[in-house]
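This is what each chain is made of:
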Amino acid sequence: MHGLPDAATYLKLTKNFMPLTHTNDLFAKALKGKYALGAFNVNNMEMTQAIIEACEEEKAPVMLQISRGARDYAHPVYLKKLIEAAVSLSTIPLAVHLDHGDTFDLCKQCIDEGFTSVMIDASHESFEKNVEICRKVVDYAHKHNCVVEGELGHLVGAQFDDGEEGGNYSAGGHYTQPEEAVQFVRQSGVDSLAVAIGNSHGAYKFKGEQHLDLERLKAIKRALLDSGLGDYPLVLHGASSVPKEYVLEINKYGGQLGEDTAGVPEADIEVARRVGCTKVNIDTDLRLAMTAAIRKFMAEKPKEFDPRKYLGPARKAVKDLVRHKVRNVLCCAGHAFD
Ligand code: G3H
Ligand code: 13P
Ligand code: ZN
C-alpha cells in the first residue's frame, strides 16, 4: 500500500522503542494519585506533536494509542519514528498502547514491536469466547512484559460512526455487570478492563441529557475490590465530550454535523476519575478540534494553499484541547514526576 519495506521485517530489526514508561508504572501512580491518564489516539505528526507538547508543558504523564486504522493510514514504522521523536524531545513519562486490537496476531505484532500495552477487544464475542481470546493474548503479553486491556460488555452506539448526520447514538449495547467483571478478570488474566456503562464511540453519543451510568461504574469497582483484585484499573472508552463550540464552528464553515448530539459531560468524566477510571480514551474531540480549525482557515483564506498554514493552527487547536483535558478533567497535570 505504501510501497515501503514490510513493517514486520523492518521492526524486527529495530525491536524496541526508545525508553518508554511502562503502562503498569503509569497505572500504579495514577491509582495512587487519584488522577486519570489521557489515552489519546495518534495518526500523524501534528496530532502527536500537539499531544506531547501539551503534556510536556503541563507535566502530565500520557498514553499514546494507535489503532489498526492508524497503522494502516500512517504505516507502523512512521508511527514508531514519530513516537521515538516524541520520546527524545520530551521529558514526561510516555506509554504506547494498541487501541482496539481485534486479533491475536495484531496484538502479538505490537507486543513484538515494543508497545507497553495492548487492548484485545473481543467484546462482541460470548463471555467464554472473550475470555479465551484474552487469555491467549495475556499469556503471550505477560511473557514479554506487556500489559493487556480487555473489554467486557458491548459499547452502545456505533463503534465506527460513518460521519453522517444522525449517527447511531446510544442504541443497543450491553452493559458490564459487576459480578461478570470479577469473573472475567479472574479467568482472562487481563490487567485492565474497559467497561460499558452507556459510553459509545464517535461524535453521536447522546441526545438530550443522557449521562453515563456512574452507579454501575462504582458497583464494578467495588465488586473488583471486594473480590480481592485490589484497586483495579478500569478504562473508559468513548470519553470525548463533543464540545458544542467545535460542532457549531465546523458547521459554520461548511460542515454538516448533527447539532443535537452531545458527548460525555466533563463532570461525568471527573466522577469516573474519582471512582477509579485510570485510563480515559479520547479521540473524537481531537478530530473535531482539528477539523474546526482547518475548516475555519479554508473558509477565511481561500487563496492559501500551503498546508503548513492550516495544519499549524489545527495542531494548536488540538494542543489547547489536550491541555484543557489533562489540566481540568483528568487532573493528571503536574503528576509527571511524582
Ligand atoms: O475507538 C476507536 C478510535 O477512535 C480509533 O478510531 O479505528 O478510526 O482509528 P479508528
Ligand atoms: P471517542 O470517540 O469518544 O473519542 O472515544 C475514543 C476511544 O474510545 C478510542 O478507543
Ligand atoms: Zn475505544
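**Q** Lay out the overall build of the protein chain in plain terms, naming residues and giving numbers.
**A** Scanning the protein chain for helices and strands turns up 13 helices and ten strands. By sequence separation, contacts in the protein chain at least 24 residues apart represent 77% of the contacts at least 6 residues apart.

**Q** Residue-level account of the pairing of strand β10 (residues 277-282), with values.
**A** β10 sits mainly inside the fold: six of its six residues count as buried. Where strand β1 (residues 37-41) and β10 come together, four bridges link them in parallel fashion. Each bridged residue has a counterpart across the sheet, and for L37 the counterpart in β10 is K279. Pairing analysis gives three bridges linking strand β8 (residues 234-236) to β10, with the strands arranged parallel. For L234, the partnering residue across the bridge sits in β10 and is C277.

**Q** Describe the site of ligand 2, and please don't skip the residues or the numbers.
**A** In the region of ligand 2, 15 residues are neighbours, and K205, G238, S240, D283 and T284 sit closest. Contacts to ligand 2 include S240, whose side-chain N or O atom sits 2.6 Å from an oxygen atom. When ligand 2 sits alone it has 300 Å² of accessible area, and the protein chains cover 96% of it. Broken down by secondary-structure element, the contributors of at least two residues to the shell around ligand 2 are β3 (94-101) and β10.

**Q** Could you give an account of the site of ligand 1, with specific residues and numbers?
**A** Close contacts around ligand 1 come from eight residues, with S67, H100, H201, D283 and R287 the closest. Between an oxygen atom of ligand 1 and a side-chain N or O atom of H201, the distance comes to 3.1 Å. One of the side-chain N or O atoms of D283 is found 2.6 Å from an oxygen atom in ligand 1. In the shell around ligand 1, the residues fall into one nonpolar, four polar and three charged.

**Q** Quick rundown of the packing of aromatic side chains? Include the residues and the values.
**A** The tally for this structure, following the rule as stated, stands at three aromatic pairs. Taking the centre distance of 6.0 Å and the plane angle of 80 degrees together, the rings of F104 and Y140 count as edge-to-face. Placement of the pair is F104 in helix α6 (residues 104-113) and Y140 in helix α7 (residues 127-143), with a sequence separation of 36 residues. A ring pair is formed by F127 and F184, whose centres lie 5.9 Å apart and whose planes are at 70 degrees; its orientation type is edge-to-face. Here F127 is found in helix α7, whereas its partner F184 is found in helix α8 (residues 178-188), with 57 residues between them in sequence. With relative accessibility at 0%, the residue F184 sits in the buried group. The cationic tip of K136 hangs over the ring face of F104; the distance from NZ or CZ to the ring centre is 4.4 Å.

**Q** Before we move on, can you summarise helix α5 (residues 76-89) with the specific residues and values?
**A** Its 14 residues place the ends of α5 20 Å apart at the C-alpha level, agreeing with the 20 Å of an ideal helix rising 1.5 Å per residue. Residues of α5 that are buried include every one of P76, V77, L79, K80, L82, I83, E84, A86 and V87, and no others.

**Q** If you had to explain the sheet that holds strand β4 (residues 117-120) to someone new, which residues and values would you point to?
**A** If you walk around this closed barrel you meet the eight strands as β1-β2-β3-β4-β5-β6-β8-β10, and the pairing is parallel. Each strand axis lies, on average, 25 degrees off the axis of its neighbour in the sheet, ignoring direction. One ladder, built from four bridges, connects strand β5 (residues 147-152) with strand β6 (residues 192-195); its direction is parallel. Counted as the bridge partner of L152 is V195 from β6. With respect to the sheet, α7 is in contact with β4 and β5, its orientation differing from that of β5 by roughly 175 degrees.

The rules behind these values
Residues numbered from 1 in each chain as written. Chains lettered and ligands numbered in written order. Predicted model: local features only at pLDDT ≥ 70, side-chain atom pairs only at ≥ 80, totals over all residues. Heavy atoms only, no water. Helix = DSSP H or I, 4+ residues; strand = E, 2+ residues; numbered from the N terminus. Contact = heavy atoms within 4.5 Å. Buried < 20%, exposed > 50% of the residue type's maximum accessible area, 1.4 Å probe, protein only. Pairing = 2+ DSSP bridges. Near = heavy atom within 4 Å. Polar contact = N/O pair within 3.5 Å; in protein donor to acceptor, adjacent residues only side chain to side chain. Areas by Shrake-Rupley, 256 points an atom, 1.4 Å probe, with all protein chains shown as cover. Nonpolar A, V, L, I, M, F, W, Y, C, P; charged D, E, K, R; others polar. Phe/Tyr/Trp six-rings, centres within 6.5 Å; stacked < 30°, edge-to-face > 60°. Lys NZ or Arg CZ within 6 Å of the ring centre and 35° of its normal. Expected span 1.5 Å × (residues − 1). Axes fitted to C-alpha atoms, helices over the stretch in contact; angles between N-to-C directions.

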